[in-house]
Amino acid sequence: MHKPELLAPAGTLDHLKTALAYGADAVYAGQPRYSLRVRNNSFRDVAALAEGIELTHDQGKAFYLVSNIAPHNSKVRSYLRDLEPIIELNPDALIMSDPGLIMLVRERWPDQAIHLSVQANAVNWATVEFWRRQGIRRVILSRELALEEIREIRGMVPHMELEVFVHGALCMAYSGRCLLSGYMNHRDANQGACTNACRWNYKPVAHQQDQTGDLIATSKDDSVGQLEPREMLLEEPNRPGGFIPAYEDEHGTYIMNSKDLRAVQHVAELVNMGIHSLKLEGRTKSTYYVARTTGVYRRAIDDAMAGRPFDMAMMDELEALSNRGYTEGFLRRHPPKEYQTYEQGSSFLGTQQVVGTITDRSDAWLTVDVKNQFRVGDTLELLTPSGRTRFVARHMETARGDATERAPGSGHVVRIPPPANTPADLTHAYLTRVDRQ
């Protein structure tokens, strides 16, 4: 069996370091101008990318540079100029989607490895074979594929490396093809500035038609029940008076809000197919998210390679993260209600909440930089690259040594006794509070 690579997101250097500490074989990051992540992206200059690539290569891991926007002419003009100093840093591959940019890179740097981005929407074996003939080393398959389709592609194009997303947010459209954010907010998803307008809460507003047939809002106090069955005006709470016509009959207001992908239970099957890389989405998520997901999928791959049965506890560990509800996506076919969450657009709180990071330790104390409040008597979990330890906080004191019953929240520092068998190295360690069941 081919052991697949575990590929983790790196929106910042801290994310990159966390991913490597928790077992990632490779990381991906991109320049904001040319990748689909503008916000929360610290790789804005050559120096930051140079540091990231050096850190990754020093650990014998791979660094992939994301260049997957749908570029207009202005970005085509500047692309090779801005890419040249990055190529000199020897990224292991470029993740690209636009045929024009791919052509320019292959002409300028014919030996540079290129991976086809999921934004190119490769959904069949003929497309994969086409890109193989263009010299593409790896194809990141579309999220809209079923397991049996992935298996067929693997069999039909055996000499192409394949990569599959196994965890993270799902788009309400084919990846990279949504215009909702650009149309409504003038922030183009295909340029990396998506506002996730599909996840907003829209409420129906009573209306009537004017002489031209347009829908005009009437009194907000009018009953929504007076609306026609398949047409309504939507109002987003953060933009009162901004009405949007909609022609959809859904039971709820979050009509385009996809659940999050979780496919840890299918890792063994993907490994057996010979998939080269399993990818985690989330360059704008927290470092805790990167730590938790990377650690879980690292164990899933290692278990699959060793022939061990699937550990259902990994499903519970991923429930510890905030999420929009989980789905297997399109890997197996389900009714639409299994993909969508109609009740809310923000993430559900996970079963655990990060309450602090460890800044120092001694035999008697762990020093905690508090992120969220917790109390003496709470059940806590210490998450480190070497594993998890659950314990109860029996005592707590302030940084000045005064006894206290509560860590108030962000901005405070407290000390608690370490649990038994605390690892010596607590770099990239997180302290979480386990919700009472």
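Definitions and cut-offs
- Residues numbered from 1 in each chain as written.
- Predicted model: local features only at pLDDT ≥ 70, side-chain atom pairs only at ≥ 80, totals over all residues.
- Heavy atoms only, no water.
- Helix = DSSP H or I, 4+ residues; strand = E, 2+ residues; numbered from the N terminus.
- Buried < 20%, exposed > 50% of the residue type's maximum accessible area, 1.4 Å probe, protein only.
- Contact = heavy atoms within 4.5 Å.
- Areas by Shrake-Rupley, 256 points an atom, 1.4 Å probe, with all protein chains shown as cover.
- Arc of directions from axis to C-beta.
- Polar contact = N/O pair within 3.5 Å; in protein donor to acceptor, adjacent residues only side chain to side chain.
- Pairing = 2+ DSSP bridges.

Student: Is there a simple way to explain the overall build of the protein in this structure?
Tutor: For the protein, the helix and strand inventory stands at 10 helices and 24 strands. With 437 residues in all, the protein has 51% of them scored as buried. Counting contacts in the protein only where the partners sit at least 6 residues apart, residues at least 24 apart contribute 66% of the total. Summed over all atoms, the accessible surface of the protein reaches about 20300 Å², with 48% contributed by carbon and sulfur.

Student: Whenever I open this one, helix α5 (residues 125-133) confuses me. Can you help?
Tutor: Within an α-helix, residues lying three or four positions from one another point in the same direction, as the helix has 3.6 residues per turn. Among all positions in α5, only Val-128, Glu-129 and Trp-131 are buried. Considered in projection along α5, the buried side chains sweep an arc of 165° and stay on one side of the axis. Buried residues in α5 make contact with α4 (99-108), β5 (114-116), β6 (138-140), α6 (147-156) and β7 (161-168). Capping the start of α5 is the job of one residue whose side-chain oxygen sits 3.0 Å from the backbone nitrogen of Ala-126: Asn-124. Positive backbone phi, at 90°, marks Gly-135, one or two positions downstream of α5.

Student: Help me out: how do you make sense of the side chain of Asn-323 in this one?
Tutor: One can find Asn-323 in the loop between α10 (313-319) and β15 (326-327). Judged by its relative accessible area of 5%, Asn-323 is buried. A distance of 2.8 Å separates a polar atom in the side chain of Asn-323 from the backbone oxygen of Leu-321.

Student: Could you clarify how one ought to interpret unusual backbone geometry in this entry?
Tutor: Negative phi is the rule for most residues except glycine; trans is the rule for most peptide bonds. Positive phi outside glycine occurs at Asn-421, with the angle close to 65°. Tracing the backbone through its elements, the reader meets Asn-421 in the loop between β23 (413-416) and β24 (430-434). One non-glycine residue, His-428, lies in the positive phi region at around 60°. In this structure, His-428 sits in the loop between β23 and β24.

Student: Got a minute to help me understand the pairing of strand β3 (residues 62-67) in this structure?
Tutor: A regular strand places its side chains so that they alternate between the two faces of the sheet. Counting buried residues along β3, six of its six residues qualify, which places the element largely inside the surrounding structure. Residues of β3 alternate between two faces, with Ala-62, Tyr-64 and Val-66 on one and Phe-63, Leu-65 and Ser-67 on the opposite face, all of them buried. Note: strand β2 (residues 26-30) against β3, five bridges, orientation parallel. In the strand pairing of β3, Tyr-28 is matched with Tyr-64. Bridge count between β3 and strand β4 (residues 93-96): four bridges; the pairing is parallel. Opposite Ser-67, over in β4, you have Met-96 as the bridge partner.

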